[in-house]
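# Coordinate inspection notes
Here are the chains, one letter per residue:
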2 protein chains.
Amino acid sequence: MKKRQILKAENIVPYFKGFEVIGAFNPAVAKCGGKTVMLVRVAERPVQKDENYFLVPEYDERSGLNIIRLDKSSGKYDFSDCRVVKNSHKNYLTSLSYFLIAESEDGLDFRITDRRILPEGPDEEYGIEDPRITEIDGVYYITYSAISDCGINTKLMVTSDFQTFERKGVIFYADNKDVVIFPHKIGDKYYALHRPSTSQFAKPDMWIAESPDLRHWGGYRVLLRSDEDGNERVGAGAVPVLTKEGWLEIFHAADENNCYKLYAMIMNKDDPEKIEARGTVPLIEVTEDFEKNGFFKNVVFTCGMIAEGEKVRIYYGTCDTNVAMAELSLGEIYENVR
Amino acid sequence: MKKRQILKAENIVPYFKGFEVIGAFNPAVAKCGGKTVMLVRVAERPVQKDENYFLVPEYDERSGLNIIRLDKSSGKYDFSDCRVVKNSHKNYLTSLSYFLIAESEDGLDFRITDRRILPEGPDEEYGIEDPRITEIDGVYYITYSAISDCGINTKLMVTSDFQTFERKGVIFYADNKDVVIFPHKIGDKYYALHRPSTSQFAKPDMWIAESPDLRHWGGYRVLLRSDEDGNERVGAGAVPVLTKEGWLEIFHAADENNCYKLYAMIMNKDDPEKIEARGTVPLIEVTEDFEKNGFFKNVVFTCGMIAEGEKVRIYYGTCDTNVAMAELSLGEIYENVR
């Protein structure tokens, strides 16, 4: 396996005035017209200028970008997590995310375009995050997390050319993230992996769901429990790819120290609710300096892979900061899950 | 409005050996063959005999009922809530709920039958709760909360005679409760109200959803926010009834002291996402002694009503203990929402 860095946040120019880019990470990938297209999650935050106030962003449908000033001395806010400011009534994200489109001829050198997908509407007011692209019959279905005071919903967006995008609303209600749609029907149903965040009784586990039309979902079941390998949470990562062994899925797990790992599993070709094989050791672990250090340390998080013949390229975000890619063979993955 | 008590937990004989009935409450109601049928949620708990251990129940598919002994002196458990024992890894309900069927000729005097719906399968291991019955074309669709270490899921069960019941699986994944299905299609879609429990950013609000087939759901939107009237949470109650003014819904709200109230609202006949009128003062408040005192104080909670002509009977649980009924006219309700 060969790991390399693909895209760095420091090379992205901020879109919002008075903001800085803190991350360009967790990209969705797809092949379109011979190119590899990437939807990169870009996170920007207000440059903090006043030591008495902490500034958090909010994207409002009518007025565009708002900056909310939180009084540091009020004692009302918990600033201990760099990603979110908590208080008893309302949480705020410290950055606002949107998607930036990058393209590549070879899947290695990416050209950043000026095309962006910005948050839109009240259920995206704290940003849009962690996209996944599934191509079905020439149409690209993009699932993404939409954050707002309606919670963390997963919404659907559709494109055929990565120029114009049509939003299709919420398909997995709050809180639910890490939704990946399988690239074709199995039997007469579409399938998706997803991760509800339950508030009691259960941990964040990986679930499966089915749909007749990609818009209405049901048949919900827990597919993989986070505590099976001693993890605190587990969620789908890359959009599954059909291989000769079955559906290949690369997913993430995080332990109680928020250290992320990527695992591989194979689901039955005709019945994805059956896990045929699963790696008990991580396929990708935090080993490189760029996987260890960044905005949020020790994170490897994938939203997509490209499999061509025997070659698999797993694109992944590192430390909520940059984009890396691991290249390996199907044989290496089969070896890992046995 | 006239309130009266309909059913008392003290008159129910425990089903499980060594258990006591602590509540018979939150009933679903429907008309079937001229009778009023009630699915009463019965909660039973182990009789506590050993002062060193607290006993909690669990219903296991293979072995039936299990009793789990929690060491009171371990310091690992929080016993401060009479409904749930909390610890850092896993919560336990202090009682196990199932449904008991009661029938009445006049909707006032109910005969308790020996027919019960017991928990079944791994996603019901901590019990089944708060049923709602929607009759569509002679088929009764029962939504209910299923509690387990898969979280709080809402499942669907179907019957045509209240003798045999067929489970149809999870229709709203965890955590989601207070699901009521509208009694016929509006346009070409079925609708339901529901209440996801989000873990961050949002409070428990009332949402709406749509479905082509009652099994797969989508089109999720927030319908009514809990904080609009200063409440901590809000959820659908009775199955909606179509009146000449629109869809009548009786729902609950609870404030920060866990004091429950029932409100009325009217949704547009052709577009239930539009709230046409809503009471800003409660329709039913805690006023009677039987609404004030019981297992969990100050609770009025409805799962169903019967509307015939101008007369509306709202059946509701009181204090997670007994069943009461409020009889009033449609005119009184219209007055409340104006």
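Being a predicted model, the structure only gives us computed values, none of them experimental.

## A closer look at the relation of the copies chain A and chain B
Of the transformation placing chain A onto chain B, the axial shift is 0.0 Å and the rotation is 180°, giving an RMSD of 0.0 Å. On the angle and the small slide along the axis, the relation comes out as a two-fold axis. Comparing contact sets, 100% of the residues at the interface of chain A also lie at the interface in chain B, consistent with an isologous, same-surface contact.

## Here's the deal with the interface of chain A and chain B
With 39 residues of chain A at the interface, the matching set in chain B holds 39 residues. Between chain A and chain B, roughly 3200 Å² of surface is buried when both sides are summed, and carbon and sulfur atoms account for 58% of that area. For chain A, the biggest contributors to the area lost against chain B are Y173, F201 and H216 of chain A; these three give 28% of the whole. Where chain A packs against chain B, one counts 2 salt bridges.

## Topic: the pattern of salt bridges
With the rule as written, the count across this model stands at 52 salt bridges over all chains. E124 of chain A is the salt-bridge partner of R167 of chain A, the closest N and O atoms lying 2.9 Å from each other. In this pair, R167 of chain A sits in strand β14 (residues 166-172) while E124 of chain A sits in the loop between β10 (111-117) and β11 (127-136), placing the two residues 43 residues apart along the sequence. Here R278 of chain B and E228 of chain B are joined by a salt bridge, their closest N and O atoms 3.1 Å apart.

## A few points about the environment of C259 of chain A
All names here are of chain A. Among the structural elements, C259 can be located in the loop between β21 (246-254) and β22 (260-267). Residue C259 is classed as partly exposed on the basis of its relative accessible area, which comes to 22%. Taking the C-alpha atoms as reference points, C259 and N231, 28 residues apart in sequence, are found 9.7 Å from one another. Non-local contacts of C259, meaning those with residues more than four positions away in its chain, are made with A253, A254 and N298.

## What about the side chain of S148 of chain B?
Counting through the fold element by element, S148 of chain B comes out in strand β12 (residues 139-148). Setting aside its immediate chain neighbours within four residues, S148 of chain B contacts F201 of chain A together with P122, D123, E124, E125 and Y126 of chain B.

## Notes on the side chain of R132 of chain A
All names here are of chain A. Among the secondary structure elements, R132 is positioned in strand β11. Among the residues examined, R132 registers a relative accessible area of 1% and is labelled buried. Separated by 3.3 Å, the side chains of R132 and D178 make a polar contact. A polar contact is formed between the side chain of R132 and the backbone oxygen of G237, at a distance of 3.0 Å.

## Examining the sheet that holds strand β25 (residues 311-318) of chain B
All names here are of chain B. Spatial ordering of the open sheet is given by β1-β26-β25-β24, a layout of 4 strands whose pairing is antiparallel. Two strands bound the open sheet, and with one partner strand each, they are β1 (2-7) and β24 (300-308). Neighbour-to-neighbour, the strand axes of the sheet open up by a mean angle of 25°, direction not taken into account. Examined bridge by bridge, β1 and strand β26 (residues 322-329) share 5 bridges and lie antiparallel to one another.

## Structural notes on the sheet that holds strand β6 (residues 78-81) of chain A
Strand pairing within a sheet occurs via backbone hydrogen bonds; the two strands may be parallel or antiparallel. Residue and element names in this part refer to chain A. In spatial order, the strands read β6-β7-β8; together these 3 strands make up an open sheet with antiparallel pairing. Single-partner strands in this sheet number two, and they are β6 and β8 (92-93). In the sheet, strand β7 (residues 84-86) pairs with β8 via 2 bridges, with the strands oriented antiparallel. Bridging from a neighbouring strand, V84 pairs with L93 of β8.

## Observations regarding the environment of S88 of chain A
Residues and elements named next belong to chain A. Among the secondary structure elements, S88 is positioned in the loop between β7 and β8. You can call S88 exposed: its relative accessible area is 72%. Along the backbone, S88 and K76 are 12 residues apart, and their C-alpha atoms lie at a distance of 7.8 Å.

## Side note on the environment of E103 of chain A
Residue and element names in this part refer to chain A. With respect to the helices and strands, E103 occurs in strand β9 (residues 96-104). If sequence neighbours within four positions are ignored, E103 has contacts with K35, T36, D109, F110, R111, T113 and R115. Within polar-contact distance, the side chain of E103 engages the side chain of R115 at 3.0 Å.

## What about helix α2 (residues 330-337) of chain A?
Residue and element names in this part refer to chain A. Considered for burial, the residues of α2 that qualify are L330, I333, Y334, N336 and V337. Along the axis of α2, the buried positions cluster into a sector of 160°, meaning they face one direction only. Packing partners of the buried residues in α2 comprise β20 (241-243), β21, β22, β23 (275-278), β25 (311-318) and β26 (322-329).

Rules behind the numbers
Residues numbered from 1 in each chain as written. Chains lettered and ligands numbered in written order. Predicted model: local features only at pLDDT ≥ 70, side-chain atom pairs only at ≥ 80, totals over all residues. Heavy atoms only, no water. Least-squares fit on C-alpha atoms with pLDDT ≥ 70 in both. Contact = heavy atoms within 4.5 Å. Buried area = accessible area lost by both parts, 1.4 Å probe. Salt bridge = Lys/Arg side-chain N within 4 Å of Asp/Glu carboxyl O. Helix = DSSP H or I, 4+ residues; strand = E, 2+ residues; numbered from the N terminus. Buried < 20%, exposed > 50% of the residue type's maximum accessible area, 1.4 Å probe, protein only. Polar contact = N/O pair within 3.5 Å; in protein donor to acceptor, adjacent residues only side chain to side chain. Pairing = 2+ DSSP bridges. Axes fitted to C-alpha atoms, helices over the stretch in contact; angles between N-to-C directions. Arc of directions from axis to C-beta.

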